[in-house]
Amino acid sequence: MGQNLVIVESPAKMRTIKKFLGSSYTVAASMGHVRDLPKSKMGIDVEHDFEPQYIAIRGKGELISSLRKEVKKADKIYLATDPDREGEAISWHLMTALGLNDAKDKKVYRITFNEITKNAVKNAIKSPREINQDLVDAQQARRIMDRLVGYMISPVLWKKIRKGLSAGRVQSATLNIICKREEEIAAFVPVEYFTIEGTIKHGQKSIKAAYY
């Protein structure tokens, strides 16, 4: 029987999943992302369709080498990163980092499960699929937008406010909302007004009324 390799994100899941799957499965962890945009430069080719330039994350070299060794021993590889767009992107990056795109002698599958139970894990193994490129592209778009906004606006903050401040797609949009609200507050002209309320009685009954 061929050896199977399951790659999850978190090492905390490894031991439990290994118990569920038995001796013919090896379970390893990617410890999150293994590739990302470089920190030292923009890393996005804005002249050519905003092509991202990914590199191995610093400090992950030894881990990637270890995973490659496990890949060599396996006939089937199951990418079991988290069931969200971030997890989908991690599986997609693992395909490149571990040379799985060109591995003709390997069968590579994407599996997901929403709970760490024996049934959920075994059912996922029985129902593998391909990587969902739409989810990967959604994660890439978020990451690229974050980088473009952050790397272009952060230097302005350093000059105008103080060094070390970081801007990004979330921070910048939030800051814009705050600034607009502050402008509305500053432009507000107070106008004196009164409210008139009365109690109207009829026999034993009474109601409260407001003048509009």
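Below or above, wherever it landed, is the structure these notes cover.

The rules behind each value
Residues numbered from 1 in each chain as written. Predicted model: local features only at pLDDT ≥ 70, side-chain atom pairs only at ≥ 80, totals over all residues. Heavy atoms only, no water. Pairing = 2+ DSSP bridges. Helix = DSSP H or I, 4+ residues; strand = E, 2+ residues; numbered from the N terminus. Axes fitted to C-alpha atoms, helices over the stretch in contact; angles between N-to-C directions. Contact = heavy atoms within 4.5 Å. Buried < 20%, exposed > 50% of the residue type's maximum accessible area, 1.4 Å probe, protein only. Arc of directions from axis to C-beta. Polar contact = N/O pair within 3.5 Å; in protein donor to acceptor, adjacent residues only side chain to side chain.

## Side note on the sheet that holds strand β2 (residues 25-29)
Alright, step 1. Strand order in the open sheet formed by four strands is β2-β1-β7-β8, with parallel pairing between adjacent strands. Every other strand in the sheet has two partners, leaving β2 and β8 (107-110) as the edge strands with one partner each. Across the sheet, the mean angle separating the axes of adjacent strands is 20° when strand polarity is ignored.
Alright, step 2. The pairing of strand β7 (residues 76-79) with β8 spans four bridges and is classified as parallel. When the bridges of β8 are listed, Ile 77 appears paired with Val 108.
Alright, step 3. Sheet strands in contact with helix α1 (residues 11-21) are β1 (4-8) and β2, and its direction is about 170° off that of β2.

## Quick look at α1
Residues spaced three or four apart along an α-helix point in a common direction, a consequence of the helix completing one turn every 3.6 residues.
Alright, step 1. For α1, the complete set of buried residues consists of Ile 17, Phe 20 and Leu 21. Buried residues along α1 cover an arc of 80° about the axis, so they all sit on one side. Of the exposed residues in α1, those oriented more than 90 degrees away from the buried face are Ala 12, Arg 15 and Lys 19.
Alright, step 2. The inward-facing, buried residues of α1 contact β1, β2 and α4 (118-126).
Alright, step 3. Where α1 begins, the side chain of Ser 10 points an oxygen toward the backbone nitrogen of Ala 12, at a separation of 3.1 Å.
Alright, step 4. Gly 22 occupies a position one or two residues after α1 and carries a positive phi of about 90°.

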